[in-house]
Amino acid sequence: MKIVKSLVLIIAILILAGCNAEFNVNLTPNLLTEKIVIEKKKSNIFSNTLNEDLEAYKSQLELYGYQYSVKSRLFEEVLTISRTVVNGDNLNLFTDEYANIIYMGLDNNSVLYSVSDINVFELYPELTSVDFVINTKYKVVRTNADHYENGNYYWHLTKENDDITIEIMINNEIDETIKDDKRNGNSQVIFAGVLMLAFLCLLFIMYIIKNIQTKKNKI
């Protein structure tokens, strides 16, 4: 009975929880790539509200150059939209409905990316949080990110702090201090392989020593 109650509680939490959005931007002086992922808990396993929303906005998404898809799981829907934008193009999804977004080159060979007047929480009351992640390999002149990690800049927005402005300025110079994630991953794999090999060698040596001691005891 306790197991059944626990299962019902878990399902209720999954159903009643709101939806979250993650906004990823890869930023360069000439191009940026946007990727927006919205995860929404279903009211029931047959719910497809994100898919219905997508149907309503497909023509506008295509007009602004977005690619899109919806994946439906047991208790969750995931909407993904993405596009690549050239510096100077209009970035807004549908005019200023969701936010005021600026991506422009400056006279001092710098590029400014800014998001202000964010009102997605008013448009989508079920939305509980939005995570902005901006990735760049270029040197950052100025930013107000919440925190930074190896070329990734993070902002966390909730209904209580949606009045902030997200801002980052880069110049046209590669930041040599940023480590290559793939190279780091390969190094970790090689290190793990070396440790495993050393461990196997140690086991083999212990096995040989044990056999020698066993033969001596028989004699």
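Before any of the text, the structure's been laid out above.
Attention in this report is confined to the structure presented alongside it. Counting of residues starts from 1 at the beginning of each chain's written sequence and follows it residue by residue. It should be noted that, the model being predicted, local features are given only for residues of pLDDT at least 70 and side-chain atom pairs only at 80 or more, the latter also being counted only at that level, while totals for whole chains, interfaces and linings use all residues. To get the side-chain values, all heavy atoms of the structure are used, and hydrogens and water are removed first.

### Topic: the packing of aromatic side chains
So, step 1. Side-chain rings of Phe, Tyr and Trp, where Trp is taken by its six-membered ring, are said to pair if the distance between their centres is within 6.5 Å; with planes under 30 degrees apart they count as stacked, over 60 as edge-to-face, and otherwise as tilted. If you walk through the whole model with that rule in mind, you get two aromatic pairs.
So, step 2. Measuring from centroid to centroid gives 4.6 Å for Tyr148 and Tyr153, while their planes differ by 40°, and the two rings are tilted.

### A word on unusual backbone geometry
So, step 1. Even without being a glycine, Asp117 presents a positive backbone phi close to 50°.
So, step 2. The topology assignment puts Asp117 in the loop between β6 (110-116) and α3 (120-123).
So, step 3. Even without being a glycine, Asn150 presents a positive backbone phi close to 45°.
So, step 4. Counting from the N terminus, the helices are DSSP H or I runs at least four residues long and the strands are E runs at least two residues long. In this fold, Asn150 is placed in the loop between β9 (147-149) and β10 (152-158).

### Some words on helix α2 (residues 49-63)
So, step 1. The terminal C-alpha atoms of α2 lie 22 Å apart, and with 15 residues this matches the ideal 21 Å at 1.5 Å per residue to within 8%.
So, step 2. Bending of α2 peaks at approximately 60° at the position of Tyr57.
So, step 3. Burial status follows relative accessibility: with a 1.4 Å probe on protein chains alone, a residue under 20% of its type maximum counts as buried, one over 50% as exposed, and anything between as partly exposed. Leu50, Leu54 and Leu61 are the residues of α2 that are buried.
So, step 4. Positive backbone phi, approximately 80°, marks Gly65, located one or two places after α2. Each residue after the first adds 1.5 Å to the expected span of a helix. Note on bend: at a given residue it equals the angle between the axes fitted to the 7 residues ending there and to the 7 starting there.

### Things to note about the nonpolar core
So, step 1. Formed by 35 residues in total, the largest nonpolar core has its most connected members in Leu27 and Tyr113.
So, step 2. Element by element, the count of residues in this core is highest for strand β1 (residues 19-27), at five residues. Here, the term nonpolar core denotes a set of buried Ala, Val, Leu, Ile, Met, Phe, Trp, Tyr and Cys residues that are joined through side-chain atoms within 4.5 Å.

### Re the pairing of strand β2 (residues 31-41)
So, step 1. Paired strands, in this sense, are two strands between which DSSP finds at least two bridges. As judged from the nine bridges shared by β1 and β2, these two strands associate in the antiparallel manner. Residue pairing across strands places Ala21 opposite Ile38, the latter belonging to β2.
So, step 2. Pairing analysis gives 11 bridges linking β2 to strand β4 (residues 76-86), with the strands arranged antiparallel. Opposite Lys41, over in β4, you have Glu76 as the bridge partner.

### Focus on the pattern of salt bridges
So, step 1. Salt bridge criterion: a side-chain nitrogen from Lys or Arg within 4 Å of a carboxyl oxygen from Asp or Glu. Here the structure, examined in full by the defined rule, presents four salt bridges.
So, step 2. In this structure, Lys139 engages Glu173 in a salt bridge whose closest nitrogen and oxygen atoms are separated by 3.2 Å. Separated by 34 residues along the polypeptide, Lys139 in strand β8 (residues 138-143) and Glu173 in strand β11 (residues 166-174) bring together distant segments of the chain.
So, step 3. For Lys139, a relative accessible area of 32% corresponds to the partly exposed category.
So, step 4. On the basis of relative accessibility, which here comes to 40%, the residue Glu173 falls in the partly exposed class.
So, step 5. One salt bridge connects Arg142 with Glu167, and the closest N-O pair in it is separated by 2.9 Å. Placement of the pair is Arg142 in strand β8 and Glu167 in strand β11, with a sequence separation of 25 residues.

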